[in-house]
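What follows is each chain in one-letter form.
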Amino acid sequence: FFFIEARSLSINMAKIPPAFMKAFLQNKEVMEEIESIIQKEIKSNLKITQTSYICMYGKGETNIFDEAITFCVKYDKFGTWKWKCSAIHAASNTKISVEKCDSQKKAVELALKSMVQKLVSSGKLKSKRFQQGVMNGLKEKGWTMQKIMQTVQKQMKQTKKTNA
């Protein structure tokens, strides 16, 4: 779901070789954990900065371990009669737009989720603070070095079977 550059992440406990980290990050369970960590960070830092009930729009911002993302959501009352949202990560000049959402909340959630996917898959979220935040989140969820190594071994066996 999310792709984080294997060589860009490290765990304070020890350095993990890139091939191991790649296998770790290819694991579905790991990616679900990382997504939940990022979603929690987005929600806990979400701020609405401007709203208008008459014009039916809102502006806001959030950050993921110091990576700021702004967004604007509005109701398309002259076309689709649905909500649309644009999210911007100014540091990388990346913009995502979603349209035709049934609710304001869904539009914002989808835009932010799409933005994070694009930033992570393109390698634009590689700051040390982001990496540390994700790895600390995994540690809090019980990802010990032993569990990581077991996951890596399992994933490497599965990849080997798939490629054979």
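What you are looking at is a predicted structure, and each value in this text was computed from that prediction instead of being measured.

**What to know about the overall build of the protein**
Then step 1. When helices and strands are tallied, the protein shows five helices and five strands.
Then step 2. Mapped in sequence order, the helices and strands of the protein form the string α-α-β-β-β-β-β-α-α-α.
Then step 3. Counting all 164 residues of the protein, 40% fall into the buried class.
Then step 4. Counted over contacts in the protein with a minimum sequence separation of 6, partners at least 24 positions apart contribute 47%.

**Let's talk about the packing of helix H2 (residues 28–44) against helix H4 (residues 128–140)**
Then step 1. Interhelical geometry of H2 versus H4 gives an angle of 115° and a closest axis separation of 9 Å. As the angle between them shows, H2 and H4 are arranged roughly perpendicular. The crossing of H2 and H4 is right-handed. Contact residues: Glu33, Ile34, Ile37 and Ile38 in H2; Phe130, Gly133, Val134, Gly137 and Leu138 in H4.
Then step 2. The residue inventory of the contact of H2 with H4, partitioned by class, reads six nonpolar, two polar and one charged.

**Let's talk about the side chain of Thr151**
Then step 1. Inspection of the secondary structure puts Thr151 in helix H5 (residues 145–163).
Then step 2. The exposure class of Thr151 is buried, given its relative accessible area of 9%.
Then step 3. Within the local environment of Thr151, its side chain forms a polar contact with the backbone oxygen of Lys147, the two atoms lying 2.8 Å apart.
Then step 4. Non-local contacts of Thr151, meaning those with residues more than four positions away in its chain, are made with Phe24, Asn27, Val30 and Trp143.

**Section: the sheet that holds strand E3 (residues 67–75)**
Then step 1. With antiparallel pairing, five strands are arranged side by side in an open sheet as E1-E2-E3-E4-E5. For this open sheet the edge positions go to strand E1 (47–52) and strand E5 (94–101), each flanked by a neighbour on one side alone. Sheet twist, expressed as the mean angle between neighbouring strand axes with direction ignored, is 15°.
Then step 2. Pairing of strand E4 (residues 83–89) with E5, which is carried by six bridges, proceeds in the antiparallel orientation. Residue pairing for E5: His89 is matched across the bridge by Thr94.
Then step 3. Sitting on the sheet, helix H3 (residues 104–121) touches strand E2 (57–64), E3, E4 and E5, and the angle it makes with E5 is about 145°.

**With respect to the pairing of E3**
Then step 1. Alternating positions in E3 separate cleanly, Glu67, Ile69, Phe71, Val73 and Tyr75 being buried on one face and Ala68, Thr70, Cys72 and Lys74 remaining unburied on the opposite face.
Then step 2. The pairing of E2 with E3 spans eight bridges and is classified as antiparallel. Across the sheet, residue Thr62 finds its bridge partner in E3, namely Ile69.
Then step 3. Connecting the antiparallel pair E2 and E3 is a turn made up of two residues, with Phe65 showing a positive phi of about 50°.
Then step 4. Two strands pair when backbone bridges link them, and E3 and E4 are joined in this way by six bridges, in the antiparallel orientation. Counterpart to Tyr75 in the pairing with E4 is Trp83.

**Topic: the side chain of Asn27**
Then step 1. Its place among the elements puts Asn27 in the loop between helix H1 (18–26) and H2.
Then step 2. A distance of 3.1 Å separates the side chain of Asn27 from the backbone nitrogen of Val30, its partner in a polar contact.
Then step 3. With near-sequence residues (within four places) excluded, Asn27 lies in contact with Thr151, Lys154 and Gln155.

**Quick word on the pattern of salt bridges**
Think of it this way: side chains of opposite charge can pair up when their charged atoms draw near.
Then step 1. By the definition in use, this model includes four salt bridges.
Then step 2. Between Glu33 and Lys141 there is a salt bridge, with the nearest N and O atoms lying 3.3 Å from each other. With Glu33 in helix H2 and Lys141 in the loop between H4 and H5, this pair connects stretches of sequence that are 108 residues apart.
Then step 3. Judged by relative accessible area, Glu33 falls into the buried class, the value being 18%.

Cut-offs used in this document
Residues numbered from 1 in each chain as written. Predicted model: local features only at pLDDT ≥ 70, side-chain atom pairs only at ≥ 80, totals over all residues. Heavy atoms only, no water. Helix = DSSP H or I, 4+ residues; strand = E, 2+ residues; numbered from the N terminus. Buried < 20%, exposed > 50% of the residue type's maximum accessible area, 1.4 Å probe, protein only. Contact = heavy atoms within 4.5 Å. Axes fitted to C-alpha atoms, helices over the stretch in contact; angles between N-to-C directions. Parallel < 35°, antiparallel > 145°, perpendicular 65-115°, else oblique. Left-handed = near helix turned anticlockwise from the far one by under 90°. Nonpolar A, V, L, I, M, F, W, Y, C, P; charged D, E, K, R; others polar. Polar contact = N/O pair within 3.5 Å; in protein donor to acceptor, adjacent residues only side chain to side chain. Pairing = 2+ DSSP bridges. Salt bridge = Lys/Arg side-chain N within 4 Å of Asp/Glu carboxyl O.

Taken by themselves, the reported measurements are silent on function.
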